[in-house]
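Remarks on the overall topology
Spelled out, the chains give:
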Amino acid sequence: QVQLVESGGGLVQPGGSLRLSCAASGSISRFYAMGWYRQTPGKQRELAARITKSGSTNHANSVKERFTISRDDAKNTVYLQMNTLKPEDTAVYYCNAQRTIVRRDDYDYWGQGTQVTISS
């Protein structure tokens with residue numbers, strides 16, 4: 001078992017920046033990948049960005065050039081730097097620890113989520 005604790009969410013004006021952190025209670029290097037997902041009411045959770053244990057990243061088209069995922073295995077922490085934020089980025093952001101090459105909601109670990117609200 002591993003606990004994932006997100007932090008860094010909040011209310012920001014359009015065009016602003018936020019940095020989300022996900023601190024794990026154990027080593028993250030044992031997971032296939034770490035990711036950030038987001039969800040708005042009435043919609044399915046969607047991938048924002050993911051980083052594998054080897055450091056390969058993929059970002060959703062909607063956040064490319066604006067969001068950057070990174071990891072610090074020494075601190076067991078994953079980050080999501082979010083720049084040029086837009087109102088449509090408003091969502092609850094969840095940290096995910098993907099245990100195998102196939103992501104499974106019922107098998108992977110999830111944090112409790114952190115609210116990000118973009119509004120003037």
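Description of the structure in this document. (Residues numbered from 1 in each chain as written. Predicted model: local features only at pLDDT ≥ 70, side-chain atom pairs only at ≥ 80, totals over all residues. Heavy atoms only, no water.)

1. Observations concerning the overall build of the protein chain
A tally of regular secondary structure across the protein chain gives zero helices and eleven strands. When the helices and strands of the protein chain are placed in sequence order, the string is β-β-β-β-β-β-β-β-β-β-β. The C-alpha radius of gyration computed for the protein chain amounts to 13 Å, which stays within 12% of the reference 14 Å derived for 120 residues, consistent with globular compactness. Residues counted as buried form 43% of the 120 residues belonging to the protein chain. Counting only carbon and sulfur atoms, one obtains 46% of the accessible surface of the protein chain, whose full area is about 6,300 Å². Here the protein chain contributes 15 positively and 10 negatively charged side chains, and the mean placements of these two sets differ by 3 Å. (Helix = DSSP H or I, 4+ residues; strand = E, 2+ residues; numbered from the N terminus. Rg over C-alpha atoms; globule rule 2.2 N^0.38 Å. Buried < 20%, exposed > 50% of the residue type's maximum accessible area, 1.4 Å probe, protein only. Areas by Shrake-Rupley, 256 points an atom, 1.4 Å probe, with all protein chains shown as cover. Lys, Arg positive; Asp, Glu negative; His and termini not counted. Charge placed at Lys NZ, Arg CZ, Asp CG, Glu CD.)

2. Considerations on the side chain of arginine 71
Along the chain, arginine 71 turns up in strand β7 (residues 67-72). At a separation of 3.3 Å, a polar atom in the side chain of arginine 71 contacts the main-chain carbonyl oxygen of isoleucine 28. At 2.8 Å, the side chain of arginine 71 and the side chain of aspartate 73 are in polar contact. In contact with arginine 71, other than residues within four places in its own chain, are Ile28, Ser29, Met34, Ile51, Thr52, Lys53, Thr77 and Val78. (Polar contact = N/O pair within 3.5 Å; in protein donor to acceptor, adjacent residues only side chain to side chain. Contact = heavy atoms within 4.5 Å.)

Any functional reading would require information beyond the geometric quantities listed.
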